[in-house]
Amino acid sequence: MEFLERFRTERLFFDGAMGTMLQAAGLPAGVSPELWNVTHPEAVTAIHRAYAEAGSRIAKVNTFGAYAHKLSGVSVEDAVRAAIRCARASGVEYVALDVGPTGKLVEPLGDTPFEEAAADFARLVAAGRDADCVIIETMTNLAECRAAVIAAKETTSLPVLASLTFEPTGRMLSGADPETAVAVLEAAGADAIGVNCGLGPKLYADILRRMEACAHVPLFANPNAGIPEVVDGKTVFPLSPAEFAAEMRELAPFTFALGGCCGTNPAYIARLADAVRGIALPVLRERTQAVIASGTQTLALGEKPVMIGERLNPTGKPKLKSALRAGDMGYLQREALAQADRGADALDVNVGLPGIDETASLTAAVRAVMRVCGLPLQLDTASPAAMEAALRVYCGRALINSVSGKQSVMDAVFPIAKKYGGVLIALTLDDDGIPKTAEGRFRVAEKIQKEAAKYGIPPCDLIFDPLAMAVSADADAASVALESIRLIGERLGGCCSLGVSNISFGLPQRENVNAAFLTMALGAGLKAAIVNPGSDAMRRAFDSYLVLAGYDDRALRYIERYSEETAADRPKAAEKPGLREAVTRGLKSAAAEAAGKLLDEGRATMEIVDGELIPALDEVGRGFEKGRLFLPQLMLAADAAKSAFAVLRERLQASGEAAESRGVIVLATVEGDIHDIGKNIAGSILENYRFTVRDLGRNVPVEDVVDAVVREHVQLCGLSALMTTTVGAMERTIRALHEHAPWCRIMVGGAVLTEDYARSIGADYYCPNAMTDVRVAEEIFGG
């Protein structure tokens, strides 16, 4: 039986932790576990054999960190092939190539391009083609996991399993909730989706329940044995094998396969298999609902009408045309945010201009918009090459605009849509043109639906556009479009979208006609209206219809929007914001420009810092701490503030002055740990609060940390560790600092730490996120 077929029909069991088992077998601190595949294969095989004897059917091979920038003296290919040989030698039934994070911050959260991350993943996966499947795990950034899935699907025909790590808040570090993660990874082609590390079974129960409610592929779980503690100077996980197995029973109804991560060993797997015996597998559901997504939120299409903002389309918009030709992506970001403020549910992105490099421009626009705006995007182009390039970098499940009934267009677009998993706008025209009747447009829709089925694209993932034509040229244009909506809904069960404003082309006072037609179209069954959300008439017509049609329960949305609204309160489209707003919205170029403008007005540099920048960062920081904002917004604000600081610093240097530092902080990822994303984020935020950061990098020896602290008599040191196997190095570093630099306060952070754990190893402060680092620094150096 093929692996995936068995995975879907029989509960299988993964193994547990590898790193701590290798450490117990003698792996020295600071040595990459993957090197032992080559130097100590018998030890690796013995661990796999122990798990297999305990009931594990799937071995996650020892390749979690097998990247060129993490290995020393051994090639990726040699390390991976040796790992697979070790697992095969154990007699385990299935071998899963284990793919962990690269340690790089992938866009839009960071600056590592999609293709760079994909290349790292592809090299690892290519070396592991002899495995039975690929498991991508411990992913905290949805964009990085998506890149890994796409790279794996392009490199091998093996089944691809994708596993995510969530925070106790129920979101990933990158801000994605469970529903968004499922939508994006299913679109990328994941054959199964799971969770691992970070949390114990209890905290993963609700997350898996939410995932199972919207997933169309099998789910799996490999949680930790609880949250780690220090007992007698050693790192331990609190759940015993029996307690772990008992808690895993809560996860069994939502999952097809179970196993363990940090703190587990063969004894845990043996108890797990017994504990869940007899619990039925969940039933996989068919896809019946069209869902699009950004990297942080989802939008269902077909349940109730949604508004798609049309303002990022250069047709009839001279300012946008100028911005696109100049490469001014800041303008597009401001326009995107303005539409979001006016109530758009998704945004159309179109860059089609004569003479422009549409592929380069569309990908740049998508990167820019998704960086600052969390709304799902509709990618709008007639170029298959531009569409594929944009879909590739877009971290989400896009609305693809468009396909039509033309055979050549379907042949070009359907394979792209299938590969990247988008929902399609389907224009009801074909090789004979636009049918004049509603029956004709219905027949084109029917033809498109049948052709899509050949590619495995379900009917729900087609949103039909029955084409609103200018009523000034054809008196029947409106009635034909409305009847087409009804026919497609009644006969195909299909949803429809319309570019509403086309109906009024050539008429004066177009908003009057547009608003009336919008209401008529919604009444006919229109579910996605492509309109200008900045138009009062369109927005009021849309919101009023939702109340009258029963989509706005007790008119709560309407009341919230209109009870106290005045014209002055309404967001203005694409206005250039002041410095504080530019920082809070994450607009880099606007922040730099606003800082320069304040300087030109005669404001003192430090007055701008203390009166504008720091309050803006504090505002975002408070939102982050209260759970209203997430890491992407925090990072965006930091980047925007950094661009403003650069302008201020240049002016200071020109005048011979220097910005006063609030204090020096040493940061380091401890010896043996090469994961420095959290440390880098902390450093970036601290620098924006005018602290001087001495970043020692990753895998930093104890003596190097001590030397850096002693050299400048540093008052605060921050240490980071991601892996349980390197917490011992963190404790040794803390002891050395206490001995040689007793004046220095120590803050620690990392996925395996808790406040109690941090205290038990001698740290003064536990910092679960970058804003906590700032609060600690302000306490030490004075706020």
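Note that this is a predicted model, so its numbers are computed, not measured.

1. Regarding the nonpolar core
Of all hydrophobic cores here, the largest spans 212 residues; its most connected members are L332, L526 and L579. Ranked by size, the runner-up nonpolar core spans 30 residues in total, among them A668, V700, A729 and I746.

2. Focus: the sheet that holds strand β2 (residues 58-60)
Strand order in this open sheet of 8 strands is β1-β10-β7-β6-β5-β4-β3-β2, and the pairing throughout is parallel. With partners counted over all chains shown, the strands left at the sheet margins are β1 (12-13) and β2, one partner each. Pairing of strand β6 (residues 192-196) with strand β7 (residues 219-222) involves 4 bridges; the strand directions are parallel. Looking at the pairing, I193 lines up with L219 of β7. Lying on the sheet, helix α9 (residues 201-212) is in contact with β5 (160-164), β6 and β7; it crosses β6 at an angle near 165°.

3. A few points about the sheet that holds strand β19 (residues 495-499)
Sheets are built from strands that pair by backbone hydrogen bonding, the pairs being arranged parallel or antiparallel. In space, the 8 strands of this closed barrel follow the order β13-β14-β15-β16-β17-β18-β19-β20, with parallel pairing throughout. Within the sheet, the average angular offset between the axes of one strand and its neighbour, ignoring direction, is 30°. The sheet contact formed by strand β13 (residues 306-312) and strand β20 (residues 528-531) spans 4 bridges and is parallel. Directly across from M307, in β20, lies its bridge partner A529. Here helix α17 (residues 438-453) sits on the sheet in contact with β16 (399-404), β17 (423-427) and β18 (462-465), set at roughly 155° to β18.

4. Some thoughts on the packing of helix α25 (residues 631-654) against helix α26 (residues 677-688)
Each pair of packed helices can be summarised by the angle the axes make with each other and by the distance between the axes. Running from amino to carboxyl end, α25 crosses α26 at an angle of 45°, the nearest separation of the two axes being 9 Å. Relative to α26, the element α25 lies oblique. Like other packed secondary-structure pairs, α25 and α26 cross with a definite hand, here left-handed. Every residue of α26 that contacts α25 at L631, L634, M635, A638, A641, K642 and F645 is listed here: I681, S684, I685, E687 and N688. When its residues are assigned to classes, the contact of α25 with α26 shows 8 nonpolar, 2 polar and 2 charged.

5. Regarding the layout of surface pockets
Estimates place the volume of the second largest pocket at around 1000 Å³. Around the second largest pocket, the lining is made up of 36 residues, and of these E310, N313, T315, S501 and N502 lie nearest the centre. Of all the elements in the fold, those that place two or more residues in the lining of the second largest pocket are β13, β15 (377-380), β16, α19 (510-524) and β20. Looking at the lining of the second largest pocket, the element that brings in the most residues is α19, giving 3 residues. When the residues that make up the lining of the second largest pocket are grouped by side-chain class, the tally is 12 nonpolar, 15 polar and 9 charged.

6. As for empty space enclosed by the protein
Sizing a probe to match a water molecule and rolling it over the atoms shows the empty space that remains. Per the counting criterion, the structure on display carries 4 cavities of 30 Å³ or more. Empty space within the largest cavity amounts to approximately 80 Å³. Lining the largest cavity are Q23, L27, P28, A29, G30, V31, P33, G672, M723, T725 and T726. Of the residues contributing to the lining of the largest cavity, the split by class is 6 nonpolar, 5 polar and no charged. In this structure, the second largest cavity encloses a volume near 60 Å³. Lining of the second largest cavity is provided by E212, A215, V217, P218, L219, F254, F256, P282, V283, L284 and R285. Classifying every residue of the lining of the second largest cavity gives 9 nonpolar, no polar and 2 charged.

7. Structural notes on α9
Spanning 12 residues, α9 covers 16 Å between terminal C-alpha atoms, matching the ideal 16 Å at 1.5 Å per step. Those residues of α9 that sit buried are P201, Y204, A205, I207, L208, M211 and E212. Summarising the contacts, the buried residues of α9 are in contact with β5, α8 (178-188), β6, β7 and α10 (241-248).

8. Overview of helix α15 (residues 384-393)
Summarising burial for α15: 7 of the 10 residues are buried, a large majority. The set of residues buried in α15 consists of A386, M387, A389, A390, L391, R392 and V393.

9. Describing the pattern of salt bridges
Scanning all chains against the criterion turns up 42 salt bridges. Here E179 makes a salt bridge to R210, at a shortest N to O gap of 2.8 Å. Highlighted residues: E179 in helix α8 and R210 in helix α9, separated in sequence by 31 residues. Looking at E179, the relative accessible area reads 22%, which means it is partly exposed.

Procedures and definitions
- Residues numbered from 1 in each chain as written.
- Predicted model: local features only at pLDDT ≥ 70, side-chain atom pairs only at ≥ 80, totals over all residues.
- Heavy atoms only, no water.
- Core = buried A, V, L, I, M, F, W, Y, C linked by side-chain atoms within 4.5 Å.
- Buried < 20%, exposed > 50% of the residue type's maximum accessible area, 1.4 Å probe, protein only.
- Pairing = 2+ DSSP bridges.
- Helix = DSSP H or I, 4+ residues; strand = E, 2+ residues; numbered from the N terminus.
- Contact = heavy atoms within 4.5 Å.
- Axes fitted to C-alpha atoms, helices over the stretch in contact; angles between N-to-C directions.
- Parallel < 35°, antiparallel > 145°, perpendicular 65-115°, else oblique.
- Left-handed = near helix turned anticlockwise from the far one by under 90°.
- Nonpolar A, V, L, I, M, F, W, Y, C, P; charged D, E, K, R; others polar.
- 1 Å grid on protein atoms, 1.4 Å probe; cavity = no way out; pocket = protein on both sides within 12 Å on 5 of 7 lines; lining within 4 Å.
- Points joined across faces, edges and corners; volume = space filled by probe spheres on them.
- Expected span 1.5 Å × (residues − 1).
- Salt bridge = Lys/Arg side-chain N within 4 Å of Asp/Glu carboxyl O.

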